[in-house]
Amino acid sequence: MKNMARMLMLTGAITLLIGAILGFTGGPPEADAALAAQCRTKMTARNADTALLAQCKEVAFATAMTATDANAAAKAISAANNREIGGNSFALFLMGFGVVLLMVGFLQGRKRQGASD
């Protein structure tokens, strides 16, 4: 049973690590090249600063800046936001599940160690 506690702790650490990697590397979905170029063109015409030009790589921002139809733009922005929220939620779930597995493995190992003394 000592191996079970170690397996839980190892699985928890790996799950926590994967969740952290997903959480830190994730972000807003990126716009396709054509939409980003169209956004940069419009922002340059408006004399936007470089910070706004850099945001043209995000789908929600690029769609909002190049929109000609409000309903289509709202749907595209909503879809991009839902993907970002879903990715962040999954990363947080993995981190929480990893912490729980680590704690259960640690407590199970301590319980077994106390029983063998």
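Please read these numbers as outputs of a predicted model, since none were measured by experiment.

**Details of the layout of surface pockets**
Taking a probe equal in size to a water molecule and rolling it over the atoms shows the remaining empty space. The space that makes up the largest pocket amounts to roughly 160 Å³. In terms of lining, the largest pocket is formed by 11 residues, of which the most central are Lys2, Gly109, Arg110, Arg112 and Gln113. A per-element tally of the lining of the largest pocket places helix α5 (residues 70–116) first, with 7 residues. Each residue belonging to the lining of the largest pocket can be placed in one class, and the counts come to 3 nonpolar, 4 polar and 4 charged.

**Remarks on the confidence of the model for the chain**
Close inspection of predicted coordinates is inappropriate in any region flagged by low pLDDT. Taken residue by residue, the chain gives an average pLDDT of 87. The fraction at 70 or more is 97%. Of all helices and strands in the chain, the one with the weakest mean pLDDT is helix α3 (residues 50–54) (85), whereas helix α1 (residues 2–25) scores best (92).

**A short note on the packing of helix α2 (residues 33–45) against helix α4 (residues 59–66)**
Taken N-terminus to C-terminus, the directions of α2 and α4 make an angle of 55°; their axes are 9 Å apart at the nearest point. The angle between the axes of α2 and α4 places the two elements in the oblique class. The hand of the α2/α4 crossing is left-handed. Where α2 abuts α4, its residues Leu35, Gln38, Cys39, Lys42 and Met43 lie against Phe61, Ala62, Thr63, Met65 and Thr66. For the contact of α2 with α4, a count of residues per class yields 6 nonpolar, 3 polar and 1 charged.

**Re the packing of aromatic side chains**
Applying the stated criterion across every chain, the model contains 1 aromatic pair. Ring plane angle 10° and centroid distance 5.9 Å describe the contact between Phe93 and Phe97, whose orientation is recorded as stacked. One end of the pair is Phe93 and the other is Phe97, both in helix α5 and 4 residues apart, which spans about a single turn. Its relative accessible area of 39% is what places Phe97 among the partly exposed residues.

**Regarding the side chain of Thr15**
Secondary-structure assignment places Thr15 in helix α1. For Thr15, a relative accessible area of 12% corresponds to the buried category. Residues contacting Thr15, with those up to four places away along its chain left out, are Leu94, Phe97, Gly98 and Leu101.

**What about α1?**
Taking 1.5 Å of rise per residue, 24 residues should cover 34 Å, and α1 covers 35 Å from first to last C-alpha, within 8% of that figure. Residues of α1 that are buried include every one of Ala5, Gly12, Thr15, Gly19 and Ala20, and no others.

**Overview of the environment of Cys56**
Mapping Cys56 onto the fold places it in the loop between α3 and α4. Owing to a relative accessible area of 0%, Cys56 belongs among the buried residues under this scheme. Residues Cys56 and Leu102, spaced 46 residues apart in sequence, show a C-alpha to C-alpha distance of 41 Å. Residues contacting Cys56, with those up to four places away along its chain left out, are Ala31, Ala36, Cys39, Arg40, Met43, Phe61 and Ala62.

**A few points about the nonpolar core**
Of all hydrophobic cores here, the largest spans 11 residues; its members are Ala31, Leu35, Ala36, Cys39, Met43, Ala48, Cys56, Val59, Phe61, Ala62 and Ala80. Of all the elements in the fold, those that place two or more residues in this core are α2 and α4. The dominant element in this core, judged by the number of residues it contributes, is α2, at 4 residues. If near-sequence neighbours (up to four positions away) are discounted, Ala80 is found in contact with Pro29, Val59 and Ala60.

Analysis parameters
- Residues numbered from 1 in each chain as written.
- Predicted model: local features only at pLDDT ≥ 70, side-chain atom pairs only at ≥ 80, totals over all residues.
- Heavy atoms only, no water.
- 1 Å grid on protein atoms, 1.4 Å probe; cavity = no way out; pocket = protein on both sides within 12 Å on 5 of 7 lines; lining within 4 Å.
- Points joined across faces, edges and corners; volume = space filled by probe spheres on them.
- Helix = DSSP H or I, 4+ residues; strand = E, 2+ residues; numbered from the N terminus.
- Nonpolar A, V, L, I, M, F, W, Y, C, P; charged D, E, K, R; others polar.
- pLDDT = per-residue confidence, 0-100.
- Axes fitted to C-alpha atoms, helices over the stretch in contact; angles between N-to-C directions.
- Parallel < 35°, antiparallel > 145°, perpendicular 65-115°, else oblique.
- Left-handed = near helix turned anticlockwise from the far one by under 90°.
- Contact = heavy atoms within 4.5 Å.
- Phe/Tyr/Trp six-rings, centres within 6.5 Å; stacked < 30°, edge-to-face > 60°.
- Buried < 20%, exposed > 50% of the residue type's maximum accessible area, 1.4 Å probe, protein only.
- Expected span 1.5 Å × (residues − 1).
- Core = buried A, V, L, I, M, F, W, Y, C linked by side-chain atoms within 4.5 Å.

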